[in-house]
Amino acid sequence: MKRVFGFVAVAAMVMAASMAFAAVQDFGDYTFDIPDGWTGSMQSPAENVEVVSFVKNDNTASGSVTFSATGGASLDALAAEWSKQLGGSAPEKDADGDYSFKFTAQGASVESNALVKGLTDSIYMVIVMTTADPAAAQEMAGIMSSFQLK
């Protein structure tokens, strides 16, 4: 009985600790929960384009979310163009109408996963995640699932 209680207590502390170290970070029109050990930043490299980047402080993982205007283009055309520009695989449509593809950046040894998703009729986002570390991939998935559009 003491072992069961001890395990439950330890599990509860681990869950509470992992939740306590994630902080909501505001990026203007968007928020993400950034866990301890990660750094988030935002750039606006062009008109109507914003990029939120996430890097694990030990450099074992990185991700980005690019927000842009569709310019009237369809999501499948946008996904095809992104894949072409990045030298990726053919985009595949999922049940939600989003498109995913894989690519390996020039000089990189780790494959990246990309997802092209419509936010509104006129705005879409491209999520790119790069890591070979399964634990970092889980943390990055948590960052991406915490996304909130204000």
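A.B. asks: Could you give me a rundown of the side chain of Ser 112, with the residues and numbers involved?
C.D. replies: Position of Ser 112 among the secondary structure elements: in strand β8 (residues 112-118). Polar side-chain contacts of Ser 112 include one of 2.4 Å to the side chain of Thr 130. Setting aside residues no more than four positions away along its own chain, Ser 112 makes contact with Phe 101, Lys 102, Phe 103, Val 128, Met 129 and Thr 130.

A.B. asks: Describe the pairing of strand β7 (residues 99-103), with residues and values.
C.D. replies: Every second residue of β7 is oriented toward a common face, the buried set being Tyr 99, Phe 101 and Phe 103 and the non-buried set Ser 100 and Lys 102. As paired elements, strand β6 (residues 92-93) and β7 share two bridges and run antiparallel to each other. Each bridged residue has a counterpart across the sheet, and for Glu 92 the counterpart in β7 is Ser 100. Taking the residues between adjacent antiparallel strands as the criterion, β6 and β7 are bridged by five residues, where Gly 97 takes a positive phi near 90°. Looking at chain direction, β7 and β8 are connected through five bridges and run antiparallel.

A.B. asks: Please give an account of the sheet that holds strand β2 (residues 30-35) that cites residues and values.
C.D. replies: Taken together, three strands build an open sheet; the order of strands is β1-β2-β10 and the sheet is antiparallel. Whereas interior strands pair on both sides, the edge strands pair on one side only; in this sheet they are β1 (22-26) and β10 (148-149). With two bridges connecting them, β2 and β10 associate as antiparallel partners. Across the sheet, Tyr 30 pairs through a bridge with Leu 149, a residue of β10.

What counts and how
Residues numbered from 1 in each chain as written. Predicted model: local features only at pLDDT ≥ 70, side-chain atom pairs only at ≥ 80, totals over all residues. Heavy atoms only, no water. Helix = DSSP H or I, 4+ residues; strand = E, 2+ residues; numbered from the N terminus. Polar contact = N/O pair within 3.5 Å; in protein donor to acceptor, adjacent residues only side chain to side chain. Contact = heavy atoms within 4.5 Å. Buried < 20%, exposed > 50% of the residue type's maximum accessible area, 1.4 Å probe, protein only. Pairing = 2+ DSSP bridges.

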